[in-house]
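Results of the structural survey
The primary structure of each chain is shown beneath.
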Amino acid sequence: MPLCGGLSDKKDITDEVKNLCDELKQKMEEKLGKKFKEFEALHFKQQLVSGMNYFVKIHVGSEECVHARIYQPFSDGVELTSIKGSMACADEIEYF
């Protein structure tokens, strides 16, 4: 469990985080204005706030990845807080 407010180390995708990404795929495509050729969540970091922020690297085709920031409150729901497109797959996941 990460410290409150601190960003964890990079982790391999879990089923829980994969499912969150799948649930928000359409919103990600809408925000970036394009359809993804592929969609595979690769790694994530997490940040404990008044819920959990997930910073996820997602492979979307060729050598392109996107970084998505997903917020899941302790109650119910999930929201796409931010997304960075046109990232290289070698780019590290950082706070944004």
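The following refers to the structure shown. Everything numeric here is computed off the predicted structure, so don't read it as measured data. (Residues numbered from 1 in each chain as written. Predicted model: local features only at pLDDT ≥ 70, side-chain atom pairs only at ≥ 80, totals over all residues. Heavy atoms only, no water.)

Summarising the element assignment, M52 is placed in strand β3 (residues 51-61). Sequence-wise, M52 and P73 are 21 residues apart; in three dimensions their C-alpha atoms are separated by 6.2 Å. (Helix = DSSP H or I, 4+ residues; strand = E, 2+ residues; numbered from the N terminus.)

Bringing the packing of aromatic side chains into the picture now. Geometrically, a pair of aromatic rings is defined through the distance of the ring centres and the angle of the planes. For the coordinates displayed, the defined rule picks out four aromatic pairs. Relative to F96, the ring of F55 has its centre 5.6 Å away and its plane inclined at 75°; by these criteria the two rings are edge-to-face. With F55 in strand β3 and F96 in the segment after β5 (79-88), this pair connects stretches of sequence that are 41 residues apart. Ring pairing ties together the aromatic residues F55, Y95 and F96, which thus form one cluster. (Phe/Tyr/Trp six-rings, centres within 6.5 Å; stacked < 30°, edge-to-face > 60°.)

On to unusual backbone geometry, then. Unusually for a residue other than glycine, S62 sits at a positive phi of about 50°. Along the chain, S62 falls in the loop between β3 and β4 (64-73). Phi angles above zero are rare outside glycine, and S86 is one such case at about 55°. Within the secondary structure, S86 is located in strand β5. Among the residues examined, S86 registers a relative accessible area of 60% and is labelled exposed. (Buried < 20%, exposed > 50% of the residue type's maximum accessible area, 1.4 Å probe, protein only.)

Any functional reading would require information that these geometric values do not contain.
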